[in-house]
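Here are the chains, one letter per residue:
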Amino acid sequence: MSLAQSVAVITGAGQGLGRAFAEILLKNGAKVLLTDINETVGQKTLSELAASHGQDKVAFLKSDVTKETDFQSAFSTAKSKLGAVNIMVNNAGTGNEKDAWESTIDINVKGTIKGTKVALDHFRKDKGGNGGVIINVASIAGLNPNPCGPVYGASKAAIIMFSQCWGMNTDAVSNGVRINVLAPAFAETEMVKALRVGKEIHKPEIATQMLDQVGVLPVEKVAEAFLELVTDTSKNNAILKVSAHMGKGYHSLK
Ligand SMILES: NC(=O)C1=CN([C@@H]2O[C@H](COP(=O)(O)OP(=O)(O)OC[C@H]3O[C@@H](n4cnc5c(N)ncnc54)[C@H](O)[C@@H]3O)[C@@H](O)[C@H]2O)C=CC1
Ligand SMILES: CCC(=O)/C=C/C=C\C[C@@H](O)/C=C/C=C/C=C\[C@@H](O)CCCC(=O)O
């Protein structure tokens, strides 16, 4: 898949993995609409990426993944500023476990479902689209249970199952839409910084042990795995794991 004519919408792209996904797509010739609920980080990232790759290659839209209308605005903004979207990256996520646990479900699960639904409606050839690829960012925590984040783990398991169900649906694949899951382990972002502090999780001492045992990836390594799922057109309904201690490998639920 050539990225030269590609346009991506990435949620949670103001920082962390979302920003890394934007950078690797821009480096490989794609255009990117950065979306994020945090206007400050979004605008900062926009100015930095525009300086590196050109103002005509990247744009930013403040957007909340819990609002389906924001996804519609993202697709129309991307089309008017950059061109028709063919890559959707549902990346935005949070790890609230205690008082704000429902926001974890709203953002991670419902946000991914809303983003996938809107992308399918835009990409499917039987709905007037030109095809496309959807990358849903889950986590190893959605495959391997751990006692620190039961709600977070459940949210990521939900993303994996939801994506696998759509990835096997002939209405999607026969109309030019691929749906893949990226399941990283720890990567050096604000989310892992918060994990180290251990305020919002259960059994923080176990989180520290896991971080020491599994290690923490640079975001660029996760972005390389992400790019494989985007550009390798043989990859549909795939789950790609990437971790510091195990490297990269595909996973099957069967
Ligand atoms: N960092 C890690 O070790 C791993 C992260 N992940 C997943 O990767 C994704 C990105 O995580 P990180 O970059 O580490 O997190 P991060 O906390 O550094 O960045 C998350 C971004 O999402 C944005 N966001 C939060 N709620 C939003 C909403 N309602 N609407 C739009 N944007 C919103 C935040 O403003 C922030 O810019 C998440 O889904 C996370 O669960 C998965 C495995 C490992
Ligand atoms: C409560 C919020 C929370 O859990 C915070 C998570 C912080 C980072 C993101 C998370 O998605 C990373 C999870 C990593 C889990 C890692 C490892 C173990 O489950 C063993 C992995 C073995 C393997 O590499 O297959």
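Look above for the structure.
Residues numbered from 1 in each chain as written. Chains lettered and ligands numbered in written order. Predicted model: local features only at pLDDT ≥ 70, side-chain atom pairs only at ≥ 80, totals over all residues. Heavy atoms only, no water.

### Concerning the packing of aromatic side chains
How we decide: Here is the rule: rings of Phe, Tyr and Trp (six-membered ring for Trp) pair when centre to centre is within 6.5 Å. Planes less than 30 degrees apart are stacked, more than 60 are edge-to-face, and the remainder are tilted. We count a stretch as a helix when DSSP gives it H or I for four or more residues in a row; a strand needs E for two or more, and each element gets its number in order from the N terminus. For every residue, the accessible area (1.4 Å probe, protein chains only) is compared with the maximum for its type, and the residue is labelled buried under 20%, exposed over 50%, or partly exposed between those bounds. Only lysine NZ and arginine CZ atoms are considered, and such an atom sits over a ring when it is within 6 Å of the ring centre and within 35 degrees of the ring normal.
One pass over the full model with this rule turns up two aromatic pairs. Ring geometry for phenylalanine 21 and phenylalanine 226: centres 4.3 Å apart, planes at 20 degrees, overall stacked. Placement of phenylalanine 21 in helix 1 (residues 16-27) and of phenylalanine 226 in helix 9 (residues 219-231) is noted, with a sequence separation of 205 residues between them. Exposure class is identical for phenylalanine 21 and phenylalanine 226. Each is buried. The positively charged end of lysine 235 is found above the aromatic ring belonging to tyrosine 250, 5.1 Å away from the centroid.

### Focus on the site of ligand 2
Where we set the bar: Residues are counted as near a molecule or strand when any one of their heavy atoms sits within 4 Å of it. Pairs of N or O atoms are called polar contacts if they sit within 3.5 Å, as long as, within protein, a hydrogen donor faces a hydrogen acceptor (for residues adjacent in sequence, only side-chain-to-side-chain pairs). The protein chains shown are the only cover counted for residues, whose accessible areas, like all others here, come from Shrake-Rupley with a 1.4 Å probe. In this classification, Asp, Glu, Lys and Arg are treated as charged, Ala, Val, Leu, Ile, Met, Phe, Trp, Tyr, Cys and Pro as nonpolar, and every other residue, Gly included, as polar.
Inspection of the region around ligand 2 gives 19 residues, with Ser139, Tyr152, Ile201, Ser243 and His245 positioned closest. Within the side chain of tyrosine 152, one N or O atom sits 2.5 Å away from an oxygen atom of ligand 2. Starting from 660 Å² of accessible surface for ligand 2 in isolation, the protein chains cover 89%. Within the residue set of the shell around ligand 2, elements represented by two or more residues are helix 7 (190-197) and strand 7 (239-243). For the shell around ligand 2, the element with the most residues is helix 7, which contributes three residues. Residue composition of the shell around ligand 2, grouped by class: eleven nonpolar, six polar and two charged.

### Concerning the side chain of asparagine 86
Which entries qualify depends on this criterion: Residues are treated as being in contact if the distance between any of their heavy atoms lies within 4.5 Å.
Positionally, asparagine 86 belongs in the loop between helix 3 (68-81) and strand 4 (87-90). Accessibility expressed as a relative area gives 17% for asparagine 86, which makes it buried. A distance of 3.0 Å separates the side chain of asparagine 86 from the side chain of serine 6, its partner in a polar contact. Separated by 2.8 Å, the side chain of asparagine 86 and the backbone nitrogen of valine 7 make a polar contact. Not counting chain neighbours up to four residues away, the residues in contact with asparagine 86 comprise Met1, Ser6, Val7, Phe123, Gly131, Gly132 and Val133.

### Here we look at the pairing of strand 4
Convention followed: Only strands that DSSP links by at least two bridges are regarded as paired with each other. We call a crossover right-handed when, viewed with both strands directed away from the observer, the connection leading from the first strand over the helix to the second proceeds clockwise.
A two-sided burial pattern is seen for strand 4, the buried positions comprising Ile87 and Val89 on one face and Met88 and Asn90 on the other. Sheet analysis places strand 1 (residues 7-10) next to strand 4, joined by three bridges and oriented parallel. Residue pairing in the sheet places valine 9 in a bridge with methionine 88 of strand 4. One ladder, built from four bridges, connects strand 4 with strand 5 (residues 132-137); its direction is parallel. Paired with methionine 88 across the bridge in strand 5 is isoleucine 134. The β-α-β motif built from strand 4, the intervening helix 4 (residues 101-123) and the parallel element strand 5 has right-handed crossover chirality.

### Examining the layout of surface pockets
The line we're drawing: Cavities and pockets were defined on a 1 Å grid built over protein atoms only: a cavity is a set of grid points that admits a 1.4 Å probe from which the probe cannot escape, a pocket is an open set flanked by protein on both sides within 12 Å along at least five of seven lines, and lining residues are those with an atom within 4 Å of any such point. Grid points are joined across faces, edges and corners, and a volume is the space filled by probe spheres set on the points.
The calculated volume of the second largest pocket comes to roughly 320 Å³. Residue lining of the second largest pocket: 18 residues in total, with Gly16, Arg19, Ala20, Glu23 and Val219 positioned closest to the centre. Where the lining of the second largest pocket is concerned, the elements lending two or more residues are helix 1, helix 2 (39-53), helix 7 and helix 9. Of all the elements, helix 1 adds the most residues to the lining of the second largest pocket, at six residues. Here the residues of the lining of the second largest pocket sort into five nonpolar, five polar and eight charged.

### Things to note about the packing of helix 1 against helix 9
To keep things clear, this is the line we draw: Axes here mean lines fitted to C-alpha atoms, for a helix over just the part in contact, with angles spanning 0 to 180 degrees between N-to-C directions. Angles below 35 degrees are treated as roughly parallel, those above 145 as roughly antiparallel, those between 65 and 115 as roughly perpendicular, and all remaining angles as oblique. Handedness of a crossing is defined here by the sense of rotation of the near helix relative to the far one, left-handed for an anticlockwise turn of less than a right angle and right-handed for a clockwise turn.
Running from amino to carboxyl end, helix 1 crosses helix 9 at an angle of 60 degrees, the nearest separation of the two axes being 9 Å. In terms of axis orientation, helix 1 runs oblique to helix 9. Where helix 1 crosses over helix 9, the handedness of that crossing is right-handed. Across the interface between the two elements, Gly16, Leu17, Ala20, Phe21, Ile24 and Leu25 from helix 1 touch Val219, Val222, Ala223, Glu224, Phe226, Leu227 and Val230 from helix 9. For the contact of helix 1 with helix 9, the class distribution of residues is eleven nonpolar, one polar and one charged.

### Side note on the site of ligand 1
Surveying the vicinity of ligand 1 reveals 27 residues, the closest of which are Asp36, Asn91, Tyr152, Ala187 and Thr189. Contact distances for ligand 1 include 3.0 Å between a nitrogen atom and a side-chain N or O atom of aspartate 64. At 2.7 Å, a side-chain N or O of tyrosine 152 approaches an oxygen atom of ligand 1. Mapped onto the shell around ligand 1, the elements with two or more residues apiece are helix 1, helix 5 (150-167) and helix 7. Split into classes, the residues belonging to the shell around ligand 1 amount to 14 nonpolar, nine polar and four charged.

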